[in-house]
Amino acid sequence: PVPSEQVPKPAAKPAPTSESKPAIKPAAKAQATAPGKVSLTPAKVLQQKNGNHLSVQLMGSRSLAAIEQFVLANRLAGQMWVYQTRFHGNPWYVVLKGEYAGMSQAQAAIRTLSPALQKADPWPKSFAQVKRELQQ
């Protein structure tokens, strides 16, 4: 009998490994409607985030126009979430960037921001806090 020909199996790719857990998402999905225009992120998108995870708050303002100018000036379209809450009884808009599993990852992300963004004193903010603010 003639031995059957064996087709070599493709080698299985090794599963990616890492010593430390990477950030969950380096950037958020776009929320821009047109150049220079920013739409608010639907609350349900932010409500679905893990409350133990963090984001980085880049800016807060009572003016959506100021938020749009900030996003445009810092080329953040496609990299952030914008939501509305209330501050001292008035509408307040907040810009968030990224989702991180822990404080050290969020702080590391802040260190990688451009000097212009670092000048605004960004800080880590938990999605639990974001969820509370969305209910105001």
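Residues numbered from 1 in each chain as written. Predicted model: local features only at pLDDT ≥ 70, side-chain atom pairs only at ≥ 80, totals over all residues. Heavy atoms only, no water.

> Sorry, what's going on with the pattern of salt bridges here?
Two side chains that carry opposite charge are able to pair once their charged atoms sit near each other. In this structure the tally under the stated criterion is two salt bridges. The partner of Lys49 in a salt bridge is Glu99, and the shortest N-O contact between them spans 3.2 Å. Of this pair, Lys49 sits in the loop between helix H1 (43-47) and strand E3 (54-61) while Glu99 is found in strand E5 (residues 90-100), placing the two residues 50 residues apart along the sequence. Relative accessible area serves as the criterion here: at 10%, Lys49 is assigned to the buried category. Its relative accessible area of 5% is what places Glu99 among the buried residues. Between Glu133 and Lys125 there is a salt bridge, with its nearest N and O atoms 2.9 Å apart. Across the pair, exposure class does not vary: Glu133 and Lys125 are buried alike. (Salt bridge = Lys/Arg side-chain N within 4 Å of Asp/Glu carboxyl O. Helix = DSSP H or I, 4+ residues; strand = E, 2+ residues; numbered from the N terminus. Buried < 20%, exposed > 50% of the residue type's maximum accessible area, 1.4 Å probe, protein only.)

> Quick question: what am I supposed to make of the packing of aromatic side chains here?
Each aromatic ring pair is characterised by the separation of its centres together with the angle its planes make. Here the structure, examined in full by the defined rule, presents two aromatic pairs. Between Trp81 and Phe127 the ring centres are 5.8 Å apart and the planes differ by 85°, which places this aromatic pair in the edge-to-face class. One end of the pair, Trp81, is in strand E4 (residues 81-87); the other, Phe127, is in helix H5 (residues 127-134), and 46 residues separate them in sequence. A relative accessible area of 3% places Trp81 in the buried class. Between Phe87 and Trp92 the ring centres are 5.0 Å apart and the planes differ by 40°, which places this aromatic pair in the tilted class. On the basis of relative accessible area, Phe87 is assigned to the partly exposed category, the value being 43%. Note on Trp92: relative accessible area 24%, which makes it partly exposed. (Phe/Tyr/Trp six-rings, centres within 6.5 Å; stacked < 30°, edge-to-face > 60°.)

By themselves, these figures tell us nothing about what the structure is for.
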